[in-house]
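One letter stands for each residue in the lines below.
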Amino acid sequence: MPALRADADEIRTLFSRAMSDMYRAEVPQYGTLVELVNDTNRETLRQHQQLRASLARSDELERLGVERHGAIRLGRADELRDMRRVFAVMGMHPVGYYDLSIACVPVHATAFRPIDDAALRRNPFRVFTSLLRLDLIEHESLRAEAEQILGRRRIFTPRALELVGTFETTGHLTIAQADEFVREALETFRWHSEATVSLEVYSKLHATHRLIADVVSFRGPHINHLTPRTLDIDAVQAAMPRRGIAPKAIIEGPPRRDCPILLRQTSFKALEEPILFRQANETMAAGTHTARFGEIEQRGVALTPKGRELYDRLLASVRQAGAAGASARDYDSELAERFKMFPDDWSELRAQGLAFFRYSATSAGIEACKRHPPPSSLDDLLAAGFLRYDPIVYEDFLPVSAAGIFQSNLGTDQQQNYAARSNRAAFEVALGAGVHDEMKLYAQAERTSLEQAVRQLGSPHLACRAMA
Ligand code: OOG
Ligand code: NI
């Protein structure tokens, strides 16, 4: 009998569960945060039946409990390439390019995540993956030293890479191989309380940029946070102190709204953890390192390029007004004020082409269309109640927010001035592949849903006309 095959969605779910268990054991505050988020989500769903119904229609209720993202930082181009191969086994592909040099963080990044609707419904696990840019470090001898240290490490176990090879040649893993793969892959993300460098080298790297010390001084890219998805981030932010967690001052992203857009995020401060450093004379020296933190997020509707342009413009105007450096209360009210320009009504968001939606045929529509030919324009179909639309959730990240998350955990004293030097081409060469364009993915999801819905109403010709 042939061995049973594991599908990519199953492997991803196994992996994200294993990662969550590992992080919960290593960082107990993460477990507390997950409990708080689960309690809040339960309460929010109880109070908002419409939200519950909409999430149920988009198959998002099921995924809510397992949904989370993580983040890692890599040091070498070939690490990024192999990471892409490892994530491919779990059905996760690079989407988007994020240049963090704009925020004085010497990395660029992508998000590995599932890309098709069915896979996203099963488990939308994502990993924000940064690659250190040593080219942004001016100090030449330090750059050479960092390169040399990074050059010696192997972040994947030989067996993990072997199983990736099996997947690439046969197109699948058996269930037994998948279990082994998850165990082996997990090793790469584990925390190491022993550094690979001496305390002196660590301090030198740290003085240049804390992030460089974090990437260069260890055997592998420890997962630095795991983020559950909440349905009410303000409620969780307010409740954190009562459970002994101290959140950062402001929530990144758009303000609170009736119709949530994109992504709002907040985090708790990174922990100072004991580390042993390997000294030149082979003795060990005790020190600490601060890298791991907790984060929560609330996801809203994905914006079209037009909507995103408006979001970026409004956010920039708040930050230019200097509110980012002001008190949290000033920042929040300034943000809310400026975003009054952004329609906060589902039908306006749709009519103005600011956000992406998933269409579905209503049962009343299906019944009616059996008796009479349906109206042929999209607006008429909606007005007649034959079609319904629900927001398509934003599955990606936001560079300005990511910069804020990075910085709150690096300490705001570090303000190197890297000119914005986005280098997507170099990133894709390192990755060994192009990154997917998230806008195309959302547009396609919207188009497919409309085609299906219109077909369900019984007229294949309608599809082309409704979309025109
Ligand atoms: C990644 C920070 C970005 C997010 O949610 O925007 C991020 C990091 O600190 O490595 O995770
Ligand atoms: Ni994050």
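Further up the page is the structure itself.
In this report, the structure presented in the accompanying data block is examined.

A closer look at the packing of helix 5 (residues 77–89) against helix 19 (residues 424–431)
Next up, step 1: Relative orientation of the contacting elements helix 5 and helix 19 amounts to 65°, with a least axis distance of 7 Å. Note on element contacts: helix 19 touches helix 5 through Phe427, Ala430 and Leu431, opposite Ala77, Leu80, Arg81 and Arg84.
Next up, step 2: Across the contact of helix 5 with helix 19, the residue classes tally to five nonpolar, no polar and two charged.

Re the packing of aromatic side chains
Next up, step 1: Going through the model one piece at a time under the given rule, you end up with 18 aromatic pairs.
Next up, step 2: With a centroid separation of 4.9 Å and 50° between ring planes, the pair formed by Tyr202 and Phe277 is classed as tilted. Taken as a pair, Tyr202 in helix 10 (residues 199–208) and Phe277 in strand 9 (residues 272–278) lie far apart in primary sequence, 75 residues in all. Judged on exposure class, the residue Tyr202 and its partner Phe277 are both buried.

Topic: the coordination of the nickel ion (ligand 2)
Next up, step 1: Binding of the nickel ion (ligand 2) to the protein goes through His69 (NE2), His225 (NE2) and Glu295 (OE), at separations of 2.1 to 2.2 Å.
Next up, step 2: In primary sequence terms, the donor set of the nickel ion (ligand 2) follows H-x155-H-x69-E. Of this pair, His69 sits in strand 2 (residues 68–74) while Glu295 sits in strand 11 (residues 294–299); the two residues are 226 residues apart in sequence, bridging distant segments of the chain.
Next up, step 3: Judged by its relative accessible area of 2%, His69 falls in the buried class.

A word on the site of ligand 1
Next up, step 1: Near ligand 1 the following residues occur: His69, Ala71, Arg73, Phe128, Asn224, His225, Gln265, Glu295, Phe397, Ala402 and Phe406.
Next up, step 2: Measuring from an oxygen atom of ligand 1, one finds a side-chain N or O atom of His69 at 3.1 Å.
Next up, step 3: One nitrogen or oxygen atom from the side chain of Glu295 is found 3.1 Å from an oxygen atom belonging to ligand 1.
Next up, step 4: Considered on its own, ligand 1 offers 320 Å² of accessible surface; in the complex 100% of this is hidden by protein.

A word on helix 9 (residues 175–187)
Next up, step 1: Here helix 9 spans 19 Å end to end across 13 residues, near enough to the 18 Å set by a 1.5 Å rise per residue.
Next up, step 2: Taken residue by residue, helix 9 has Ala178, Phe181, Val182, Ala185 and Leu186 as its buried positions. Down the axis of helix 9, the sector holding all buried residues measures 125°, keeping them to one side. Away from its buried face by more than 90 degrees, helix 9 exposes Ala176 and Arg183.
Next up, step 3: Its buried side turned inward, helix 9 meets strand 1 (5–6), helix 1 (8–26), helix 5, helix 8 (158–170) and strand 6 (173–174).

Details of the sheet that holds strand 7 (residues 225–228)
Next up, step 1: In space, the five strands of this open sheet follow the order 3-4-5-2-7, with mixed pairing throughout. Because the sheet does not close on itself, it has two edges, and the strands there are strand 3 (93–99) and strand 7. Sheet twist, expressed as the mean angle between neighbouring strand axes with direction ignored, is 20°.
Next up, step 2: Where strand 4 (residues 107–113) meets strand 5 (residues 126–132), six bridges bridge the pair, whose relative direction is antiparallel. Residue pairing across strands places Ala109 opposite Ser130, the latter belonging to strand 5.
Next up, step 3: Where helix 5 meets the sheet, it contacts strand 2, strand 3, strand 4 and strand 5, and its direction lies at approximately 165° from that of strand 5.

Basis of the calculations
Residues numbered from 1 in each chain as written. Chains lettered and ligands numbered in written order. Predicted model: local features only at pLDDT ≥ 70, side-chain atom pairs only at ≥ 80, totals over all residues. Heavy atoms only, no water. Axes fitted to C-alpha atoms, helices over the stretch in contact; angles between N-to-C directions. Helix = DSSP H or I, 4+ residues; strand = E, 2+ residues; numbered from the N terminus. Contact = heavy atoms within 4.5 Å. Nonpolar A, V, L, I, M, F, W, Y, C, P; charged D, E, K, R; others polar. Phe/Tyr/Trp six-rings, centres within 6.5 Å; stacked < 30°, edge-to-face > 60°. Buried < 20%, exposed > 50% of the residue type's maximum accessible area, 1.4 Å probe, protein only. Donors = N, O, S within 2.8 Å, 3.2 Å for Na, K, Ca; no water. Near = heavy atom within 4 Å. Polar contact = N/O pair within 3.5 Å; in protein donor to acceptor, adjacent residues only side chain to side chain. Areas by Shrake-Rupley, 256 points an atom, 1.4 Å probe, with all protein chains shown as cover. Expected span 1.5 Å × (residues − 1). Arc of directions from axis to C-beta. Pairing = 2+ DSSP bridges.

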